[in-house]
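Each chain is listed here by its residues.
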Amino acid sequence: MNRKLLDILACPIDRYYPLELHGDDGSDSVQTAILYCTKCTRFYVIDDGIPVLLPDDLRDRDAEMKIIHKIDNLPDKIRLHGKPWSIT
């Protein structure tokens, strides 16, 4: 995903904008990271450069957890309190 795409992405649940980006390496192309909505506290994965912005009932926890465990230093607001589930 090109970092410029962050300028148009919003949370699919509450349409909050902008989303926070966590766990990226700072390059222009984001491959694996987390998008976080500060309004509803939901997080979404970016996998192989594709932001996966699905509603809670369509999300695959096991698949997302494999992606999340590749990311270091996620803040507690995501690890412990992020929706739809805690990561730890």
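Structural data are supplied above this passage.
Caption draft 1: Up close: the packing of aromatic side chains. Applying the stated criterion to the full structure yields one aromatic pair. Centre to centre, the rings of F43 and W85 are 6.1 Å apart; their planes meet at 85°, and the pair counts as edge-to-face. Taken together, the residues F43 in strand β3 (residues 43-47) and W85 in the segment after α2 (76-79) connect sequence positions 42 residues apart. The buried category is assigned to F43, whose relative accessible area is 0%. For W85, a relative accessible area of 13% translates into the label buried. The aromatic ring of F43 is capped on one face by R59, whose charged end is 5.3 Å from the ring centroid. Directly above the aromatic system of W85 lies the positively charged group of R59, at a separation of 5.2 Å from the ring centroid.

Caption draft 2: Inspection of the pairing of strand β2 (residues 33-36) at higher detail. Side chains A33 and L35 project from β2 onto one buried face, and the interleaved I34 and Y36 project onto a second face that is buried too. Looking at chain direction, strand β1 (residues 20-22) and β2 are connected through three bridges and run antiparallel. Paired with L21 across the strands is L35, a residue of β2. In terms of strand pairing, β2 meets β3 through four bridges, oriented antiparallel. If you follow A33 over to β3, its bridge partner there is I46. Here β2 hands over to β3 after six residues, with T41 in that stretch at a positive phi of 65°.

Here is what the cut-offs are and how they apply
- Residues numbered from 1 in each chain as written.
- Predicted model: local features only at pLDDT ≥ 70, side-chain atom pairs only at ≥ 80, totals over all residues.
- Heavy atoms only, no water.
- Phe/Tyr/Trp six-rings, centres within 6.5 Å; stacked < 30°, edge-to-face > 60°.
- Helix = DSSP H or I, 4+ residues; strand = E, 2+ residues; numbered from the N terminus.
- Buried < 20%, exposed > 50% of the residue type's maximum accessible area, 1.4 Å probe, protein only.
- Lys NZ or Arg CZ within 6 Å of the ring centre and 35° of its normal.
- Pairing = 2+ DSSP bridges.

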